[in-house]
Each structure stands twice: as C-alpha cells, then as structure tokens.
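Chain by chain, the residues run as shown.
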Amino acid sequence: DAGVIQSPRHEVTEMGQEVTLRCKPISGHDYLFWYRQTMMRGLELLIYFNNNVPIDDSGMPEDRFSAKMPNASFSTLKIQPSEPRDSAVYFCASSPGVYLEDEQFFGPGTRLTVL
Amino acid sequence: AQSVTQLDSQVPVFEEAPVELRCNYSSSVSVYLFWYVQYPNQGLQLLLKYTTGATLVKGINGFEAEFKKSETSFHLTKPSAHMSDAAEYFCAVSELDTGRRALTFGSGTRLQVQP
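About the criteria used
Residues numbered from 1 in each chain as written. Chains lettered and ligands numbered in written order. Predicted model: local features only at pLDDT ≥ 70, side-chain atom pairs only at ≥ 80, totals over all residues. Heavy atoms only, no water. Helix = DSSP H or I, 4+ residues; strand = E, 2+ residues; numbered from the N terminus. Disulfide = S-S within 2.5 Å. Buried < 20%, exposed > 50% of the residue type's maximum accessible area, 1.4 Å probe, protein only.

**Student:** What am I meant to see in the environment of B:Ala54 here?
**Tutor:** Within the fold, B:Ala54 resides in the loop between β6 (44–50) and β7 (56–58). In this structure the C-alpha to C-alpha distance between B:Ala54 and B:Thr109, which are 55 residues apart in sequence, comes to 25 Å.

**Student:** Please clarify how the state of the cysteines should be interpreted in this entry.
**Tutor:** Under the criterion given, the structure shown has 2 disulfides over all chains. Covalent S-S linkage joins A:Cys23 and A:Cys92, the inter-sulfur distance amounting to 1.9 Å. Looking along the S-S bond of the A:Cys23-A:Cys92 disulfide, the torsion reads about -65°, which is the left-handed sense. A residue pair is termed long-range when its members are at least 10 positions apart, and A:Cys23 in strand β3 (residues 19–24) and A:Cys92 in strand β9 (residues 88–95) qualify at 69 residues. Owing to a relative accessible area of 1%, A:Cys23 belongs among the buried residues under this scheme. In this model, B:Cys23 is linked to B:Cys91 through a disulfide, with the two sulfur atoms separated by 2.0 Å. Looking along the S-S bond of the B:Cys23-B:Cys91 disulfide, the torsion reads about -65°, which is the left-handed sense. Linking B:Cys23 in the loop between β3 (19–21) and β4 (24–26) with B:Cys91 in strand β10 (residues 87–95), this pair joins segments that are 68 residues apart in sequence.

Everything listed here is a matter of coordinates, which is why it stays silent on function.
Structure below.
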C-alpha cells in the first residue's frame, strides 16, 4: 500500500488567494483526519470524517476553511481567502476506525506558505 | 476536555545513553495513550500505545512506556539511544467515553542524539 498521499507537498501562495490541499487515504480506512502543525500551536485537529461524513469540525479555525470528502478515496481542505497566519504544515491521516485505539496513519504533509 | 503536557521541548542525550521523554495527561474519563514519532519532513508514525491490561507497553525501535494512572503519566523510555532516534516525539490521548476518534497531542519533544 502506498500509504496516505497528500498533494501538493509544498505550496507557496499570496494572501487572498484560494488554496486547495488534497488527500487520498489508505484504501479501506473509514476515518479521515485533517491536522495542522505550527510552531505556536503544535499539532491540532481541524476536522475528521467517518465514511465520508464530517463528524467533528470544531477545530476548523473560521469560515475561510472548508473540507470535503466526496468519496472514500479523496478529500480536500480549502482555504479561501488565505492569510499569512495560515502558513503551517497540514497533515492528513486515515484510520480503519474499527476500534477506538486504531492507529492513525499520517501522510507526509503539505507545507503551506502564505506571503 | 483532555489535555497532554510534554514539559521538555528538547532532550539532548549522548549516543548509547538512556532516554526518557516525559508525558502527563489530564482527563476526567478513561483514556488511551499513544506515542508518535516524526522524522524530519515526514508525517507521524505510531511508536506504541496503551489501551488496557499491562501498564508497561513495548513499541518499535526498542522504545517502551509505562502507564501510571496515579501519576497521570505515560513516559517514554529507551535503554540506549541511537543516532537514528533523533526526531520529534509526540504524546497523544484519546478519551474512551466520548467515542470521539480524534487524538489530542502534546506539544512535542525533540530528541537530540549527540555522538
């Protein structure tokens, strides 16, 4: 298995532009998570899905952020408009989710820089 | 709500010296505990986890951790450090009673291994 795939690996954009991050989870995993990692706030959960349905989006910073999962093999995290404070590494993770202690498998991350 | 504290942002050790990375958690309900490792420019990878049963759990790469409920701690140890252990280590908690699949991470501890 190729693991969790994220694209792009690096994104540099200017303030005000729309940014779309993409994730392909491991096949057969029912749960998908989006995390953001910054020096100031550490690793924080943004949103997670179960069987393509958003379950908890309480970590989404504000209305500028939106996430979708149109099918079991694809998810997007969109920021519109982007701001410099959105600069971070964004991780996608997936999990079988059969049991609460199931491991979350992380992708390599997308490093976003907003100028 | 649960929280995880990793008091040491950096831990320097010499090669072949023992390693201890500290983790304390706070929660009003029973929890599962995890340690993840992040190598440079990579996603997180599960080292070990505690769910139920034996409080001393063994993970990959010779690491182990002991769950001490009375101290609300889950410290990570290794008898002898290798250069390849240099990475950032994250302690995480998942609450049982809520059924919530998301993990709450600590701020991370960077392990520096010196020759």
